[in-house]
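Residues per chain, in single letters:
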2 protein chains.
Amino acid sequence: MIKVITSVKNQLIKDLVSLKSSSIKKKENRFLIEGDDLVSLAYENNQLDMILTLEENLSYPDIEQIITSEQIFEKLSNNKSPSKIIGVAHFSNKEIKGDRIIFLDNVQDPGNVGTIIRTALSFSYSGVVLGNNSASMYNDKVIQSTKGAIFKIPVIENISLSLLKDKGYQIISTSLQNACNYKEFNPNGKFVLVFGNEGQGISEETLKLSDVLIKINMDHIDSLNVAIAAGILMNHYRGE
Amino acid sequence: MIKVITSVKNQLIKDLVSLKSSSIKKKENRFLIEGDDLVSLAYENNQLDMILTLEENLSYPDIEQIITSEQIFEKLSNNKSPSKIIGVAHFSNKEIKGDRIIFLDNVQDPGNVGTIIRTALSFSYSGVVLGNNSASMYNDKVIQSTKGAIFKIPVIENISLSLLKDKGYQIISTSLQNACNYKEFNPNGKFVLVFGNEGQGISEETLKLSDVLIKINMDHIDSLNVAIAAGILMNHYRGE
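If you're wondering where the values come from, they're calculated on a predicted model, not measured in any experiment.

About the criteria used
- Residues numbered from 1 in each chain as written.
- Chains lettered and ligands numbered in written order.
- Predicted model: local features only at pLDDT ≥ 70, side-chain atom pairs only at ≥ 80, totals over all residues.
- Heavy atoms only, no water.
- Salt bridge = Lys/Arg side-chain N within 4 Å of Asp/Glu carboxyl O.
- Helix = DSSP H or I, 4+ residues; strand = E, 2+ residues; numbered from the N terminus.
- Contact = heavy atoms within 4.5 Å.
- Buried area = accessible area lost by both parts, 1.4 Å probe.
- Polar contact = N/O pair within 3.5 Å; in protein donor to acceptor, adjacent residues only side chain to side chain.
- Nonpolar A, V, L, I, M, F, W, Y, C, P; charged D, E, K, R; others polar.
- Pairing = 2+ DSSP bridges.
- Axes fitted to C-alpha atoms, helices over the stretch in contact; angles between N-to-C directions.
- Expected span 1.5 Å × (residues − 1).
- Buried < 20%, exposed > 50% of the residue type's maximum accessible area, 1.4 Å probe, protein only.
- Least-squares fit on C-alpha atoms with pLDDT ≥ 70 in both.
- Core = buried A, V, L, I, M, F, W, Y, C linked by side-chain atoms within 4.5 Å.

Asker: Hey, could you run me through the pattern of salt bridges in this one?
Answerer: Two side chains bearing opposite charge may form a pair once their charged atoms approach each other closely. Residue and element names in this part refer to chain A. Tallied over the full model, the rule gives 10 salt bridges over all chains. Of the charged contacts in the structure, one is a salt bridge between Glu64 and Lys3, with a shortest N-O distance of 3.5 Å. Of this pair, Glu64 sits in strand β4 (residues 64-67) while Lys3 sits in strand β1 (residues 2-4), and the two are 61 residues apart along the sequence.

Structure follows, in structure tokens:
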């Protein structure tokens, strides 16, 4: 299961370079990850298909291994100083089952999306929905900023808020207008916690579907970073 | 107060380009900011010295104004698509006076440092100390991610934790080891809340100075992003 490839014209290498395109990653459900931390988490969670290294690596004995050149690493990597290991991974088909779901409504910054996924795992949420043009789970920076959490918690893109409402989830949205202090509200039963766009907040459509609007009181400034607001509220509603 | 400069060889332009170096920014206490939001916040807080624009701008009538070319904007900007306004700003000399201080112990990611400063302002903390090799307040990404908060809350780099302890502040540090749940501890009197490095946590030296160690309980994963942890704890201890 070990091959040596050093030509940039090799078809496999060309295919892997094509995974820099988001649409191809999504279509093939196949993407590159860099560095030992992410690769080992994908491996532990059965989502690692192949590794590329500069010399034989004994940590993943049952995984196809390509030993290759620094030149090819530079072609595949997104970093100025590429890692010593690149993995080819996929996402498992996942369903969100459980009582506490995070829904992102057009949250666009990949760092924010990744950090929210990481925090949702820390606080045992059932899963995260990347809805309404939020940054994609195939975005490299999303994957990087989850610090591997994306391999451990269900993250999906194709379920609507109205469907979740039909399934009986209470829709709790964060908003600066007409909202109560989050401490004054306690969810009963299963719920979806919704966070909106960094600049505009939640959409009109989301507003109409919401059962309750909550906010965090602030002084001096009119918004928190969305990942910070999400961290505070996910912590509060995890019912520790 | 309006000048037109279109030569990249002009001495002023050369001086401004030199502000891309962190050490020169710090030495001269002078740095570039991009975009209307940051420029107007620097202006409102009397920390704007000059603007560069592509055409006359009436929003800052008492500020020196350089009308210049797209070529020069490209030279000065850090963004692929430069903003339509660049400001030259400085930080006011600030002292932190007050009972609730944030101290960063070697927090290196500029996005985390900027977000923590923004959150500290939202929750009315007295100021933020960027200690022990934390990312600098002159770092462009730090400034950008504060969303202007850095012009409104005291941020300093040159005060030690031991000096704050000598001044009677209780030192509350976040740590994963030997720490109590943050909900079980209430500060009495004035305090410093310390957050450590993204990978290593707080330093040995900080540990020795700490009066109490606190943590946030987590499942499935052994760390939160430091800005998320800071957001949750700053919100809890703001005593709303």
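More follows now that the structure is in view.
Asker: I tried to follow the interface of chain B and chain A on my own but got confused; where do I start?
Answerer: Interface size is often expressed as the accessible area that is lost when the parts come together. Facing the 29 residues of chain B at the interface are 29 residues of chain A. Summed over both sides, the interface of chain B with chain A buries roughly 2500 Å², with 47% coming from carbon and sulfur. Where chain B packs against chain A, one counts 0 salt bridges. One can count 12 residue pairs in polar contact (both at pLDDT 80 or more) joining chain B with chain A. Secondary-structure elements contributing two or more residues to the side of chain B that touches chain A are α5 (110-122) and α9 (226-237) of chain B. In terms of residue class, the side of chain B that touches chain A is built from 11 nonpolar, 11 polar and 7 charged.

Asker: Looking at this structure, I do not really get the sheet that holds strand β3 (residues 48-53) of chain A. What am I missing?
Answerer: Two modes of strand pairing occur in sheets, parallel and antiparallel, and in both the strands are linked by backbone hydrogen bonds. Residues and elements named next belong to chain A. What the 5 strands build is an open sheet, ordered β1-β4-β3-β5-β2; its pairing is mixed. Strands with a single pairing partner mark the edges of an open sheet, and in this sheet they are β1 and β2 (31-34). The mean inter-strand angle of the sheet, taken between neighbouring strand axes irrespective of direction, is 25°. The sheet strands contacting helix α3 (residues 36-44) are β2, β3 and β5 (85-89), and the helix crosses β5 at an angle near 35°.

Asker: Explain α9 of chain B here, please?
Answerer: One turn of the α-helix equals 3.6 residues, which is why residues spaced by three or four share an orientation. All names here are of chain B. In a regular helix each residue adds 1.5 Å, so 12 residues correspond to 16 Å; α9 covers 16 Å between its end C-alpha atoms and thus fits that length. For α9, a buried count of 11 out of 12 residues is recorded, marking the element as mostly surrounded by other parts of the structure. Among all positions in α9, only Val226, Ala227, Ile228, Ala229, Ala230, Gly231, Ile232, Leu233, Met234, Asn235 and Tyr237 are buried. Of the residues flanking the start of α9, the one acting as N-cap is Asn225, its side-chain oxygen 2.7 Å from the backbone nitrogen of Ala227. Positive backbone phi, at 65°, marks Gly239, one or two positions downstream of α9.

Asker: What is the right way to look at the sheet that holds strand β2 (residues 31-34) of chain B in this model?
Answerer: Residue and element names in this part refer to chain B. The strand order β1-β4-β3-β5-β2 describes an open sheet built from 5 strands, whose pairing is mixed. Only two strands of the sheet have a single neighbouring strand rather than two, namely β1 (2-4) and β2. This sheet shows a mean twist of 25° between the axes of neighbouring strands, independent of strand direction. Here β2 runs beside strand β5 (residues 85-89); their pairing, made up of 4 bridges, is antiparallel. Paired with Glu34 across the strands is Ile86, a residue of β5. Lying over the sheet, helix α1 (residues 11-18) contacts β2, β3 (48-53), β4 (64-67) and β5, oriented at roughly 110° with respect to β3. The strands touched by helix α3 (residues 36-44) are β2, β3 and β5; relative to β5, the strand with the most contacts, the crossing angle is about 35°.

Asker: I would appreciate a short explanation of the relation of the copies chain B and chain A in the present structure.
Answerer: Copy one and copy two of the chain differ by a rotation about an axis and a translation along that axis. Overlaying chain B on chain A yields an RMSD of 0.0 Å, the required transformation being a rotation through 180° with an accompanying axial translation of 0.0 Å. The operation mapping one copy onto its partner corresponds to a two-fold rotation axis. Mapped onto chain A, 100% of the interface residues of chain B are again interface residues, and the two copies thus contact each other with one and the same surface.

Asker: What is the right way to read the nonpolar core from this model?
Answerer: Inside soluble globular proteins, nonpolar side chains tend to come together where they are buried. Counting residues in each nonpolar core, the largest one holds 110 residues, and the members touching the most others are Leu193 of chain A together with Leu193 of chain B. The element contributing the most residues to this core is α9 of chain B, with 9 residues. Each residue touching Leu193 of chain A, except ones within four places of it in the same chain, is listed here: Ile101, Ile102, Phe103, Tyr125, Ile172, Ile214, Leu233, Met234 and Tyr237 of chain A.

Asker: Would you take a moment to explain the pairing of strand β12 (residues 212-215) of chain A for this structure?
Answerer: Two faces make up the sheet, and in a regular strand the side chains alternate between them. Residue and element names in this part refer to chain A. With 3 bridges connecting them, strand β9 (residues 170-174) and β12 associate as parallel partners. Directly across from Thr174, in β12, lies its bridge partner Ile214. For strand β10 (residues 180-181) and β12, the ladder comprises 2 bridges, and the chain directions are parallel. If you follow Cys180 over to β12, its bridge partner there is Ile214.

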